[in-house]
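Descriptive analysis of the structure
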Amino acid sequence: MLNTEHLRKLMTFDAETNTHDIQKRFEQIAQLLFSKFAIQTNNRKYLFKEIEFFFYNKKHRDIITHPRTSEA
């Protein structure tokens, strides 16, 4: 599976995902971003140095995150 397809799949959560699975998935996403991805603009590449995850659903009500619906 291509890295971008794998990343997209990892970033797709449903409303029933529990906290343990969310944390595990965030670790996998971070590992991919740090080891396989960069942001490229024109001729410059920027590597990930730091990342934060915020997530809110029925089973993980993160008080810092505003509830919303979006697509991966």
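Above: the structure in question.
All chains use their own residue numbering, which begins from 1 and follows the written sequence. Given that the model is predicted, a residue must reach a pLDDT of at least 70 before its local features are reported, and side-chain atom pairs must reach 80 or more before they are shown or counted; all residues, however, enter totals for whole chains, interfaces and linings. Working from all heavy atoms in the structure, the side-chain values ignore hydrogens and water.

**With respect to the packing of aromatic side chains**
Pairing of aromatic side chains requires ring centres within 6.5 Å, counting the rings of Phe and Tyr and the six-membered ring of Trp. Pairs whose planes differ by under 30 degrees are stacked, by over 60 edge-to-face, and all others tilted. For the structure on display, the rule yields two aromatic pairs. With 5.7 Å between their ring centres and 75 degrees between their planes, Phe-13 and Phe-26 make a pair best called edge-to-face. Remark: Phe-26 occurs in helix H2 (residues 19–36) and Phe-13 occurs in the loop between helix H1 (3–10) and H2; sequence separation between them is 13 residues. Arranged with centres 4.3 Å apart and planes meeting at 10 degrees, the rings of Phe-26 and Phe-53 form a pair that is stacked. Taken together, the residues span a long stretch of sequence, with Phe-26 in helix H2 and Phe-53 in the loop between strand E2 (44–47) and strand E3 (56–57) at a distance of 27 residues. For Arg-25, the ring lying beneath its charged end belongs to Phe-13, and the centroid distance is 4.6 Å. Only DSSP runs of H or I reaching four residues or more are called helices, and only runs of E reaching two or more are called strands; each is numbered from the N terminus. Distance and angle both matter: a charge sits over a ring if NZ of Lys or CZ of Arg is within 6 Å of the ring centre and within 35 degrees of the ring normal.

**What to know about the nonpolar core**
Nonpolar core, defined: a set of buried Ala, Val, Leu, Ile, Met, Phe, Trp, Tyr and Cys residues in which side-chain atoms within 4.5 Å join the residues together. In this scheme, a residue with accessible area under 20% of its type's maximum is buried, one over 50% is exposed, and one in between is partly exposed, where area comes from a 1.4 Å probe on protein chains only. Grouped together as the largest cluster of nonpolar side chains are nine residues: Leu-7, Leu-10, Ile-22, Phe-26, Ile-29, Leu-32, Leu-33, Phe-37 and Phe-55. Those elements giving two or more residues to this core turn out to be H1 and H2. Element by element, the count of residues in this core is highest for H2, at five residues.

**Let's talk about the pairing of E2**
Sheet faces and side chains relate simply in a regular strand, where the side chains alternate between the two faces. Two strands are said to pair when DSSP picks up at least two bridges between them. The pairing of strand E1 (residues 38–41) with E2 spans four bridges and is antiparallel. When the sheet's bridge partners are listed, Ile-39 is paired in E2 with Tyr-46. As consecutive antiparallel partners, E1 and E2 are separated by two residues, and within that stretch Asn-42 has a phi angle of approximately 55 degrees, a positive value.

**Quick word on the packing of H1 against H2**
Only the stretch in contact is used when fitting a helix axis, every axis being a line fitted to C-alpha atoms; angles between N-to-C directions are given from 0 to 180 degrees. Where H1 contacts H2, the axes come no closer than 10 Å and their chain directions differ by 155 degrees. Taken as axis vectors, H1 and H2 run roughly antiparallel relative to one another. The two elements H1 and H2 cross, and the hand of that crossing is left-handed. Where H1 abuts H2, its residues Asn-3, His-6, Leu-7, Lys-9 and Leu-10 lie against Arg-25, Gln-28, Ile-29, Leu-32, Leu-33 and Lys-36. Residues are grouped as follows: nonpolar covers Ala, Val, Leu, Ile, Met, Phe, Trp, Tyr, Cys and Pro; charged covers Asp, Glu, Lys and Arg; every other residue, Gly included, is treated as polar. Each residue belonging to the contact of H1 with H2 can be placed in one class, and the counts come to five nonpolar, three polar and three charged. Between 65 and 115 degrees an angle is taken as roughly perpendicular, under 35 as roughly parallel, over 145 as roughly antiparallel, and anywhere else as oblique. Handedness of each helix crossing follows the sense of rotation of the near helix against the far helix: counterclockwise by less than a right angle gives left-handed, clockwise gives right-handed. Contacts were defined at the residue level, with two residues in contact if any of their heavy atoms lie within 4.5 Å.

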